[in-house]
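Observations on the three-dimensional arrangement
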Amino acid sequence: MHRSWSISGIDLLLPFGSDLGRRQGLEQGLRQAIRDGRLPPGARLPSTRVLAHDLGVARGTVSDAYAQLVAEGYLVARQGSGTTVAAGPVLVVETAPASAARTVPRADFRTGTPDLSSFPRTAWMAAARRAVHEAPDDAFGYGDPRGRIELRRALAAYLGRARGVRATPERIVVCNGYTQVLAILCSVLRSQGAGAVAMEDPCIPVHREIVAASGLEIVGVPVDSEGARIDTLAGQRLGAVVVTPAHQFPLGVTMAPSRRSALIRWARSAGAFVIEDDYDGEFRYDRQPVGALQGLDPDRVIYAGTASKTLAPGLRLAWLVIPASLMEPVVQARLVTDRHSGVIDQLTIACLIESGEFDRHVRRMRMQYRRRRDLLVAALAERVPALRPSGIAAGLHALLMLPSEGPSEGQVLAEASARGVALYELGPSWHAPGGHPGGVVIGYATPPQHGFTSALELLVDTFAALYPV
Ligand SMILES: Cc1ncc(COP(=O)(O)O)c(C=O)c1O
């Protein structure tokens, strides 16, 4: 077997049998590559001149092989656009069995995702173009583990103005999502001797898994209508407590001012840190946004924000504002994790923030989500009065606690799924399963804007069938 690369035009790795003549070997190599899908329909082949040079054969050998495959229907030769693989039936590519195909729900209300159809593509492309155009050469090299200075400067200003965070660019560390933030903070806390971290009960199961994977013990903090019960932390030896003060996930309550100050008092007296997960702080509907807890004590509170709700989770970008005492170990942990986040997206977000496009997008989406929330609340009030959404002053989800005498969480999920409606069940969010009231979380931001009305209809029909008036 002989392998050769073309060196100009288009690369083509082409095994061809040396036991056959050159032309036949080339024909067979191409035929096989087309049959098994390595050369897909529409793929352009190198010119005869380039391929002949690369393979060390006469140009006529390549022309003859191409002509033969054109005659067999594998290739198409067009004057001016070269030779391409035909879009014909010759392709035999193994496809995944139908059972492996993911079923797409007709109405997707799983929480966690903003409306991806509203991603600001045009503004993003303009910002990315500008970012790449203006970036100094060194931006494309290995950089500061904290992230690009342009983004840290933009974030310091944005977080101060929009979220009341006390931040300087020096104290910001850009990470690949809150998921990575949590893992890095846990490794730092552990290396500093912490044995346990408190987390709200309920909270996102995967966040518990991240903390547990770091070797830290998890202590549950119950949540009531005023937020996390800080009184339960008294006397506990904890490295930190993880909270979602602006909009508790998943219950949706906002931490009351008295709890916020009690939390800071506890952190100071315990010498512990507060990890503030401000995942959806930009989306508040009924009154002025609740400022970040971090503003109360930047030495005790580690602030974490993310682009996952304001822009898209696929970006995998989040940011930390770190107390001075933790800066060095966090930067070191960031370095050894994966050095730093991709610079082009960082520079693009910096441009979006500085041009005002980020704020414009957030404001536009806030209006859109508020409208969706109002439609959901009105439709349920009219057709399913047994279900009263809560936690709806902010964020992208509503909680529906299920009446104890009605269908269980599992039954609701099953009926919804049978109708093509995907929901998020509350059950797995509790630290200990069982003995909790049933509930479902409605991620009303998830359906695409153009399909929201029909998705809502399907959702409300499902609940109306489960809870007839
Ligand atoms: C409570 C909570 N925190 C944080 C995040 C953001 O995580 P990430 O930045 O890893 O996408 C989410 C996303 O769903 C969330 O629900």
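Our structure's up above, just so we're on the same page.
A brief report on the enclosed structure follows.

This part is about the packing of helix 12 (residues 409-418) against helix 13 (residues 452-466). The interhelical angle for the contact between helix 12 and helix 13, taken along N-to-C directions, is 130 degrees, at an axis separation of 10 Å. Taken together, helix 12 and helix 13 sit at an angle that is classed as oblique. The hand of the helix 12/helix 13 crossing is right-handed. Counting all contacts with helix 12, which are made through Val412, Glu415 and Ala416, the residues of helix 13 involved are Thr462, Phe463 and Leu466. Partitioned by chemical class, the residues of the contact of helix 12 with helix 13 number four nonpolar, one polar and one charged.

Quick look at helix 11 (residues 357-383) now. Its 27 residues give helix 11 an end-to-end C-alpha distance of 39 Å, which sits within 8% of 39 Å, the value for a rise of 1.5 Å per residue. Where helix 11 is buried, its residues contact helix 5 (149-163), helix 10 (343-355), strand 12 (389-390), strand 13 (397-401), strand 16 (439-443) and helix 13.

Under the definition given, this model contains six aromatic pairs. When the centroid spacing of 5.8 Å and the interplanar angle of 80 degrees are considered together, the rings of Phe249 and Tyr424 count as edge-to-face. One end of the pair, Phe249, is in the loop between strand 8 (240-243) and helix 8 (257-270); the other, Tyr424, is in strand 15 (residues 424-425), and 175 residues separate them in sequence. For the pair Phe249 and Tyr424, a shared accessibility class is recorded, and that class is buried. Consider the rings of Phe283 and Tyr369, whose centres lie 5.4 Å apart with planes at 70 degrees: the pair is edge-to-face.

If you look at the biggest cluster of nonpolar residues, it comprises 69 residues, and the most contacted ones within it are Phe109, Ile349, Leu423, Val440, Ile442, Leu459 and Phe463. The dominant element in this core, judged by the number of residues it contributes, is helix 13, at nine residues. Excluding anything up to four places from it in sequence, Ile442 contacts Phe109, Leu376, Leu396, His397, Ala398, Leu400, Leu423, Leu459 and Phe463. Counting residues in each nonpolar core, the second largest holds 31 residues, with Cys175, Met199, Leu320 and Val331 among its members.

Another point: the site of the ligand. Close to the ligand lie 13 residues; Tyr178, Thr179, Asp277, Ser308 and Lys309 are nearest. In this structure, Ser308 approaches the ligand through a side-chain N or O atom, which is 2.6 Å from an oxygen atom. Between an oxygen atom of the ligand and a side-chain N or O atom of Arg316, the distance comes to 2.8 Å. When the ligand sits alone it has 390 Å² of accessible area, and the protein chains cover 91% of it. A total of three residues in the shell around the ligand trace back to one element, the largest contributor, which is helix 6 (residues 177-191). For the shell around the ligand, a count of residues per class yields four nonpolar, six polar and three charged.

If you walk through the whole model with that rule in mind, you get 24 salt bridges. Glu72 is the salt-bridge partner of Arg31, the closest N and O atoms lying 2.8 Å from each other. Of the two residues, Arg31 sits in helix 1 (residues 22-35) while Glu72 sits in the loop between helix 3 (59-71) and strand 1 (75-78), which places them 41 residues apart along the sequence. The buried category is assigned to Arg31, whose relative accessible area is 17%. With relative accessibility at 31%, the residue Glu72 sits in the partly exposed group. The partner of Arg268 in a salt bridge is Asp297, with the nearest N and O atoms 2.7 Å apart. Here Asp297 lies in the loop between strand 9 (273-277) and strand 10 (301-306) and Arg268 lies in helix 8, a separation of 29 residues in the sequence. Take Asp297: its relative accessible area is 7%, and that puts it in the buried class. A single network of salt bridges, built from pairs that share partners, joins Arg23, Glu27, Arg31 and Glu72.

In terms of burial, strand 9 is largely enclosed, as five of its five residues are buried. The alternating pattern of strand 9 places Phe273, Ile275 and Asp277 and Val274 and Glu276 on opposite faces, both of which are buried. With four bridges connecting them, strand 8 and strand 9 associate as parallel partners. Its bridge partner being in strand 9, Val242 is matched across the sheet by Ile275. You can see the chain leave strand 8, run along helix 8 and come back into strand 9, and the turn it takes is right-handed. Relative to strand 10, strand 9 runs parallel, the two sharing four bridges. When the sheet's bridge partners are listed, Glu276 is paired in strand 10 with Tyr303.

On the surface, a nonpolar cluster with roughly 250 Å² of combined accessible area is contributed by Val132, Phe140 and Ile344. Mapped onto the fold, Val132 is located in helix 4 (residues 121-134). Its relative accessible area of 40% is what places Val132 among the partly exposed residues.

Turning our attention to the state of the cysteines. What the rule picks out here adds up to zero disulfides. Looking at the unpaired Cys175, the closest cysteine sulfur is the one in Cys186, lying at 12 Å. Take Cys175: its relative accessible area is 0%, and that puts it in the buried class.

The antiparallel open sheet is built from four strands, whose spatial order is 12-13-16-15. Pairing within the sheet leaves two strands with one partner each, and these edge strands are strand 12 and strand 15.

What counts, and at which threshold
Residues numbered from 1 in each chain as written. Predicted model: local features only at pLDDT ≥ 70, side-chain atom pairs only at ≥ 80, totals over all residues. Heavy atoms only, no water. Axes fitted to C-alpha atoms, helices over the stretch in contact; angles between N-to-C directions. Helix = DSSP H or I, 4+ residues; strand = E, 2+ residues; numbered from the N terminus. Parallel < 35°, antiparallel > 145°, perpendicular 65-115°, else oblique. Left-handed = near helix turned anticlockwise from the far one by under 90°. Contact = heavy atoms within 4.5 Å. Nonpolar A, V, L, I, M, F, W, Y, C, P; charged D, E, K, R; others polar. Expected span 1.5 Å × (residues − 1). Phe/Tyr/Trp six-rings, centres within 6.5 Å; stacked < 30°, edge-to-face > 60°. Buried < 20%, exposed > 50% of the residue type's maximum accessible area, 1.4 Å probe, protein only. Core = buried A, V, L, I, M, F, W, Y, C linked by side-chain atoms within 4.5 Å. Near = heavy atom within 4 Å. Polar contact = N/O pair within 3.5 Å; in protein donor to acceptor, adjacent residues only side chain to side chain. Areas by Shrake-Rupley, 256 points an atom, 1.4 Å probe, with all protein chains shown as cover. Salt bridge = Lys/Arg side-chain N within 4 Å of Asp/Glu carboxyl O. Pairing = 2+ DSSP bridges. Right-handed = clockwise from strand over helix to strand, strands pointing away. Patch = residues over 30% accessible without salt bridge, like charges linked within 9 Å, V, L, I, M, F, W, Y side chains within 5 Å. Disulfide = S-S within 2.5 Å.

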